[in-house]
Amino acid sequence: IDMMCRKLSAASRALSDTVSFDFSAVSPTAGRRLLPLPDDFIAPLRITDETGAVFCAWGITGASLSVPSDFSGSLTLLYVRAHPVITAETDDAQEMSFDRSLCDAVICGVAANLSLTAEAYDFNRFIRLQTEYDDRMTEIYKCSHNASPKRRTLYDAARRGLSSNGRWF
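Right, let's walk through the structure included here. None of the values given here were measured: they were computed from a predicted structure.

1. Quick notes on the nonpolar core
With 15 residues, the main nonpolar core has L8, F98, V106, M137 and I140 as its most contacted residues. Elements that contribute at least two residues to this core include exactly α1 (2–12), α2 (100–118) and α3 (123–147). No other element matches α2, which puts six residues into this core. With residues up to four places along the chain from it excluded, the contact list for L8 reads R13, F98, L102, A105, V106, M137 and I140. Ranked by size, the runner-up nonpolar core spans 14 residues in total, among them F23, I47, L65 and L75.

Below, the structure written as structure tokens:
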């Protein structure tokens, strides 16, 4: 269940949170200032400075947010967060943080994985459950892609082609 919840968090980008970073007291290291990212960090959505303007001179180095050494202000990171960890000690009455469609995808994924171990002889059941899970994940990826900022990818319609040396124009 925990594995499926984390996978759904990353795929759907449904859960987000904000965290503030104060780089004014951080000493530069190798030309950059670094502060650790939250433990539940999956991906950045937007970084803004104190004025609310989008800040672009950042990077991720290991498990840290990295800015140039000449920056010494505060930044706010809006990020995709992982679903809270589910362990054997988690109360059975605790609800997942997802909406109904994402919870259904988690259930289908868990059921497909369990069907292989519980009833290994019934491969048709696994195929039915896995197909249902794949259909739900396809819809989740479509919704996530439509809601996310557009980026150039290899299969993007805006791709202009490759030069003779194999690099993008």
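After that view, the rundown keeps rolling.
2. Notes on the packing of aromatic side chains
Within the structure shown, the criterion is met by five aromatic pairs. The interplanar angle of 25° and the centroid separation of 6.1 Å between the aromatic rings of F21 and F23 together place this pair among those described as stacked. Judged by relative accessible area, which is 0%, F23 ranks as buried. With 5.8 Å between their ring centres and 40° between their planes, F41 and Y79 make a pair best called tilted. Here the residue F41 occupies a position in strand β3 (residues 41–49), and Y79 occupies one in strand β6 (residues 74–81), the gap between them amounting to 38 residues. Using a relative accessible area of 3% as the deciding quantity, one classes Y79 as buried.

3. Some thoughts on the side chain of S9
Considering the arrangement of structural elements, one finds S9 in helix α1. Under the relative-accessibility criterion, S9 is labelled buried at 0%. The contacts of S9, once residues within four sequence positions are left out, are A14, L15, I42, V80, R81, A82, H83 and F98.

4. Digging into the environment of T61
Inspection of the secondary structure puts T61 in strand β4 (residues 59–61). Considering only alpha carbons, one finds T61 and R32, 29 residues apart in sequence, at a separation of 9.7 Å. Dropping the residues within four chain positions of it, T61 is found in contact with L34 and S66.

5. Describing a nonpolar patch on the surface
Taken together, the side chains of L116, F123 and I127 make up a nonpolar region of the molecular surface, amounting to roughly 260 Å² of accessible area. Structurally, F123 can be placed in helix α3. We classify F123 as partly exposed; its relative accessible area is 46%.

6. Side note on unusual backbone geometry
Its identity as a non-glycine residue notwithstanding, R13 has a phi of 55°, on the positive side. Here R13 shows up in the loop between α1 and β1 (16–22). Classification of R13 as partly exposed rests on a relative accessible area of 29%. One non-glycine residue with positive phi stands out, namely A30, at about 55°. Within the secondary structure, A30 is located in the loop between β1 and β2 (32–36).

Cut-offs used in this document
- Once a new chain begins, its residue numbering starts again from 1 and follows that chain's sequence as written.
- Since the coordinates come from a predicted model, pLDDT governs what is reported: local features require at least 70, and pairs of side-chain atoms require 80 or more to be given and counted, while whole-chain, interface and lining totals use all residues.
- With hydrogens and water excluded, all non-hydrogen atoms of the structure serve as input to the side-chain values.
- By convention a nonpolar core is built from buried Ala, Val, Leu, Ile, Met, Phe, Trp, Tyr and Cys residues, the set being connected through side-chain atoms within 4.5 Å.
- Between buried and exposed lies partly exposed: a residue is buried under 20% and exposed over 50% of the maximum accessible area for its type, with that area taken using a 1.4 Å probe on protein chains only.
- Under the scheme used here, helices are H or I runs from DSSP no shorter than 4 residues and strands are E runs no shorter than 2 residues, and both carry numbers assigned from the N terminus.
- By definition, residues are in contact when any of their heavy atoms lie within 4.5 Å.
- We call Phe, Tyr and Trp rings a pair once their centres come within 6.5 Å, taking the six-membered ring for Trp, and we label the pair stacked below 30 degrees between planes, edge-to-face above 60, and tilted otherwise.
- Two distance rules govern patches: like charges are joined within 9 Å, and nonpolar side chains (Val, Leu, Ile, Met, Phe, Trp, Tyr) within 5 Å, applied only to residues with over 30% relative accessible area and no salt bridge.
- The Shrake-Rupley method, run with a 1.4 Å probe sphere, supplies the accessible areas, and residue values consider only the shown protein chains as cover.
- What counts as a salt bridge is simple: a side-chain nitrogen of Lys or Arg found within 4 Å of a carboxyl oxygen of Asp or Glu.

So, to be careful, I would describe these as geometric facts and stop short of saying anything about function.
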